[in-house]
Amino acid sequence: MGLTVYLSGEIHTDWRDQIIDGAQGLDVTFTGPVTDHAASDDCGVAILGVEPNKYWHDHKGAMVNAIRTRKGIADADVVVVRFGEQYKQWNAAFDAGYAAALGKSLIILQQRDHDHALKEVDAAALAVAREPGEVADILRYVLTGTLPA
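Residues numbered from 1 in each chain as written. Predicted model: local features only at pLDDT ≥ 70, side-chain atom pairs only at ≥ 80, totals over all residues. Heavy atoms only, no water.

How would you sum up the overall build of the protein chain? Please name residues and give values.
Regarding its fold elements, the protein chain presents six helices and five strands. Mapped from its N terminus to its C terminus, the protein chain presents α and β elements in the order β-α-β-α-α-β-α-β-α-β-α. A compact globule built from 149 residues should have a C-alpha radius of gyration of about 15 Å, and the protein chain, at 16 Å, falls within 12% of that. When the backbone C-alpha atoms are referred to their principal axes, the protein chain occupies close to 55 × 35 × 25 Å. Buried positions account for 38% of the 149 residues belonging to the protein chain. For the protein chain, contacts bridging at least 24 residues in sequence account for 60% of all contacts bridging at least 6. On the protein chain, roughly 8,600 Å² of surface is accessible, and the fraction owed to carbon and sulfur atoms is 56%. Of the side-chain charges in the protein chain, 13 are positive and 21 negative, and the distance between the mean point of each set is 5 Å. (Helix = DSSP H or I, 4+ residues; strand = E, 2+ residues; numbered from the N terminus. Rg over C-alpha atoms; globule rule 2.2 N^0.38 Å. Buried < 20%, exposed > 50% of the residue type's maximum accessible area, 1.4 Å probe, protein only. Contact = heavy atoms within 4.5 Å. Areas by Shrake-Rupley, 256 points an atom, 1.4 Å probe, with all protein chains shown as cover. Lys, Arg positive; Asp, Glu negative; His and termini not counted. Charge placed at Lys NZ, Arg CZ, Asp CG, Glu CD.)

Next up, the structure:
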């Protein structure tokens with residue numbers, strides 16, 4: 001059995017790399033959004049034309065990015081959503097809700113100080129992890145039945 005895992009959420013730290021490294025040797029294909037922040041923000045206007053109004057600039061980018069996000073979540077067996085420390089990641093919350101609505105196995109990655117704010121999101125998840133290594137351990141257990149050493 002193999003898994004396709006979509007890694008959604010915060011793009012300012014290396015949490016994705018930590019999970020990918022921790023899952024070495026497993027039959028896992030990782031997918032995710034474009035993590036180049038500037039490219040993600042500007043893709044709509046770079047492809048579809050300049051917008052003088054920042055709202056429409058952002059809206060075009062969000063729509064183009066949604067094509068990749070919807071496809072990635074729809075094709076995933078497991079969706080991991082990381083809520084970072086610094087930013088209010090409404091897009092991450094949206095991705096978690098979308099994945100839950102599709103019946104995807106959802107793992108939330110967050111710090112304890114977000115527990116209250118994310119209680120409804122957490123209630124939809126099958127696991128709430130605190131560290132990227134815990135996500136890799138979950139994937140290893142699911143695929144091999146092996147517990148961490």
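The rest of the description comes next.
How would you explain the sheet that holds strand β1 (residues 3-9) if you had to name every residue and give the values?
Across the sheet, five strands lie side by side as β2-β1-β3-β4-β5; this open sheet has parallel pairing. Edge strands, defined here as strands with exactly one partner in the open sheet, are β2 (28-31) and β5 (127-129). On average, each strand axis in the sheet is inclined to that of its neighbour by 25°, with strand direction left out of account. Pairing geometry for strand β3 (residues 78-82) and strand β4 (residues 105-109), over five bridges, is parallel. Looking at the pairing, Val-81 lines up with Ile-108 of β4. Helix α3 (residues 54-75) rests against β1, β2 and β3 of the sheet, and its axis sits at about 140° to β1. (Pairing = 2+ DSSP bridges. Axes fitted to C-alpha atoms, helices over the stretch in contact; angles between N-to-C directions.)

Give a description of a nonpolar patch on the surface that names residues and reports values.
A contiguous nonpolar surface patch, about 480 Å² in accessible area, is contributed by Met-1, Tyr-141, Val-142 and Leu-147. Along the chain, Tyr-141 falls in helix α6 (residues 132-144). (Patch = residues over 30% accessible without salt bridge, like charges linked within 9 Å, V, L, I, M, F, W, Y side chains within 5 Å. Salt bridge = Lys/Arg side-chain N within 4 Å of Asp/Glu carboxyl O.)

If you had to explain α3 to someone new, which residues and values would you point to?
Along its 22 residues, α3 runs 32 Å from first to last C-alpha, staying within 8% of the 32 Å computed at 1.5 Å per residue. Listed in full, the buried residues belonging to α3 are His-57, Lys-60, Gly-61, Asn-65, Thr-69, Gly-72 and Ile-73. Looking at the buried positions of α3, the neighbouring elements they touch are β1, β2, α2 (37-48), β3 and α4 (90-101). Regarding α3, its N-cap is Asn-53, as a side-chain oxygen of that residue lies 2.8 Å from the backbone nitrogen of Tyr-55 further along. (Expected span 1.5 Å × (residues − 1). Polar contact = N/O pair within 3.5 Å; in protein donor to acceptor, adjacent residues only side chain to side chain.)

So what's going on with the packing of aromatic side chains? Which residues, and what values?
Under the criterion given, the structure shown has two aromatic pairs. Their ring planes at 85° and their centres at 4.8 Å tell us that Tyr-55 and Trp-56 sit as a pair that is edge-to-face. An angle of 5° between the planes, with centres 6.5 Å apart, marks the rings of Phe-94 and Tyr-98 as stacked. Here Phe-94 pairs with Tyr-98, and both are found in helix α4, just four residues apart, close to one helical turn. Residue class for Tyr-98 comes out partly exposed when judged on its relative accessible area of 27%. (Phe/Tyr/Trp six-rings, centres within 6.5 Å; stacked < 30°, edge-to-face > 60°.)

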